[in-house]
Amino acid sequence: MPKTIIVSIGECMVELASAGDGLYRKGFAGDTLNTAWYLRRELGPDWAVAYLTALGTDGTSDEMQAFFADAGLVTDHVRRIPERMPGLYMIHLEGAERSFSYWRDSAAARLLAADPAHLARAFAAGDAFYFSGITLAILPAPDRQRLIESLGAAKAAGKTVAFDPNIRPRLWPNPAEMRDAITAGASVSTICLPSFPDEEAAFGDASPDATAERYLGCGVGEVVVKDGADPALVATPKHRERIQPATITDAVDTTGAGDSFNAGYLAARLAGVPAPDAVRRGHALAGEVVRHYGALIR
Ligand SMILES: O=C(O)C(=O)C[C@H](O)[C@H](O)CO
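Rules behind the numbers
Starting afresh in each chain, residues are numbered from 1 along the sequence in its written order. Totals for whole chains, interfaces and linings use every residue, but because this is a predicted model, local features are given only for residues with pLDDT of at least 70 and side-chain atom pairs only at 80 or more, for both listing and counting. Processing note: side-chain calculations cover all non-hydrogen atoms of the structure and skip hydrogens and water entirely. UniProt positions are given in the numbering used here, feature names are shortened, and annotations may be inferred rather than shown by experiment. The way it works is a 1 Å grid over only the protein atoms, where trapped points that fit a 1.4 Å probe form a cavity and open points with protein on both sides within 12 Å along at least five of seven lines form a pocket, and then any residue with an atom within 4 Å of a point lines it. Grid points are joined across faces, edges and corners, and a volume is the space filled by probe spheres set on the points. Put simply, Ala, Val, Leu, Ile, Met, Phe, Trp, Tyr, Cys and Pro go in the nonpolar bin, Asp, Glu, Lys and Arg in the charged bin, and everything else, Gly too, in the polar bin. Throughout, the term near means that a residue has one or more heavy atoms lying within 4 Å of the molecule or strand in question. Residues adjacent in sequence count toward polar contacts only when both atoms are side-chain atoms; beyond that, a polar contact is any pair of N or O atoms within 3.5 Å, and within protein one must be able to donate a hydrogen and the other to accept it. We get accessible surface area from the Shrake-Rupley algorithm with a probe of 1.4 Å; when it comes to residues, only the shown protein chains can shield them. Criterion for pocket placement: a molecule counts as inside a cavity or pocket if more than half of its atoms are within 2 Å of its grid points. Helix and strand definitions follow DSSP, with helices as H or I runs of at least four residues and strands as E runs of at least two, each counted in order from the N terminus. Fitted lines through C-alpha atoms give the axes, limited to the stretch in contact for helices. The angle between two N-to-C directions lies from 0 to 180 degrees. Our angle categories are set so that under 35 degrees counts as roughly parallel, over 145 as roughly antiparallel, 65 to 115 as roughly perpendicular, and the remainder as oblique. Note on contacts: a residue pair is in contact if any heavy atoms of the two residues lie within 4.5 Å.

Taking an unreviewed UniProt entry as the reference, the protein is identified by name as Sugar kinase belonging to Aurantimonas aggregata. One UniProt comment on the protein, placed under Sequence similarities (unreviewed entry), says "Belongs to the carbohydrate kinase PfkB family."

Chemist: I would appreciate a short explanation of empty space enclosed by the protein in the present structure.
Modeler: Rolled over the atoms, a probe as big as a water molecule pinpoints where empty space is left. Throughout the structure, instances matching the rule amount to 1 cavity of 30 Å³ or more. Of the pockets and cavities examined, the largest cavity occupies roughly 30 Å³. As for the largest cavity, its lining consists of Glu11, Cys12, Thr53, Ala54, Leu55, Pro86, Gly87, Ala107, Ala108 and Ala109. Among the residues forming the lining of the largest cavity, the class breakdown is 7 nonpolar, 2 polar and 1 charged.

Chemist: Please clarify how the site of the ligand should be interpreted in this entry.
Modeler: Met13, Gly30, Asp31, Asn34, Tyr89, Phe100, Tyr102, Arg104, Ile134, Arg168, Gly256 and Asp259 make up every residue found near the ligand. With respect to the ligand, the backbone of Asp31 contributes an N or O atom lying 2.7 Å from an oxygen atom. Contact with the protein chains hides 98% of the accessible area of the ligand, taken as 320 Å² for the molecule alone. One can see that the ligand is located within the largest pocket. When contributions to the shell around the ligand are tallied by element, the ones reaching two or more residues are helix 1 (31-42) and strand 7 (97-103).

Chemist: I'm lost on the packing of helix 7 (residues 196-203) against helix 8 (residues 208-216) in this one. Help?
Modeler: In helix packing, the relevant descriptors are the interaxial angle and the interaxial distance, both defined with respect to the helix axes. Viewed as axis vectors pointing N to C, helix 7 and helix 8 meet at an angle of 75 degrees, and their least axial separation amounts to 10 Å. Taken as axis vectors, helix 7 and helix 8 run roughly perpendicular relative to one another. Each of Phe196, Glu199 and Phe203 in helix 7 lies in contact with helix 8, whose residues at this interface are Pro208, Thr211, Arg214 and Tyr215. Broken down by class, the residue content of the contact of helix 7 with helix 8 amounts to 4 nonpolar, 1 polar and 2 charged.

Here it is, written out as structure tokens:
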């Protein structure tokens, strides 16, 4: 039986995560890759998970593509671009709270939407799509527009389009362009998965309800506002519900918490689980991830 395909779109980097005693462990991660990786773990065998990105032709790019394939991801939509390489990021921890240093300005992934034919093939193959504000931030404006139009066409065709604004102000030239692009991303989505602290800082939202209201106003049918250890808010035009996550006392690194939540949530929703229970699946998976260093549990 042909599989249903979800295509996750974005950038995977080399990750340097703490291994204790000033040592760092090399991994591969990036918000949309993390969600794809956990989606592969969470979805049944009737689903295929593809990753749409661009890599170089160097050894690290070869290793990264092999890592995708070993994780069970479909690699048909990985562009390979000579003279480019993957970006890199390092995780800094203060307690379990993470922050990142990036070396990614000329990464191959910035060209992931530069070839219209490559993009068209991926959109023709996909039944559902996932992308983030980081995906939008790394693209040149014309390519961002091309990607948004493709996502809009997928939404118009009745396909699921899930979006995490994942706001990283440092990746944007200015706050106005960032807000405009995030709003455009939400407008072509059917599910939006924002994090309240990011939204409060970027859009001045007074509460998770205000965040949900703003995204519902963009035409998104289903919004889940994550809020760390505080309750997540599930909102549709007709319904609101708050779901409290379990208390975690042994978190070591919050990297990937939101990405894995999204995977748990989306896998459940794509299997027909009601949204409040899907939030519980997302919380359970994120609760596991923060007990490990780095974005992926390996
Ligand atoms: O910050 C980014 O761009 C990343 O993709 C690095 C991390 O893996 C991601 O942010 C975790 O959510």
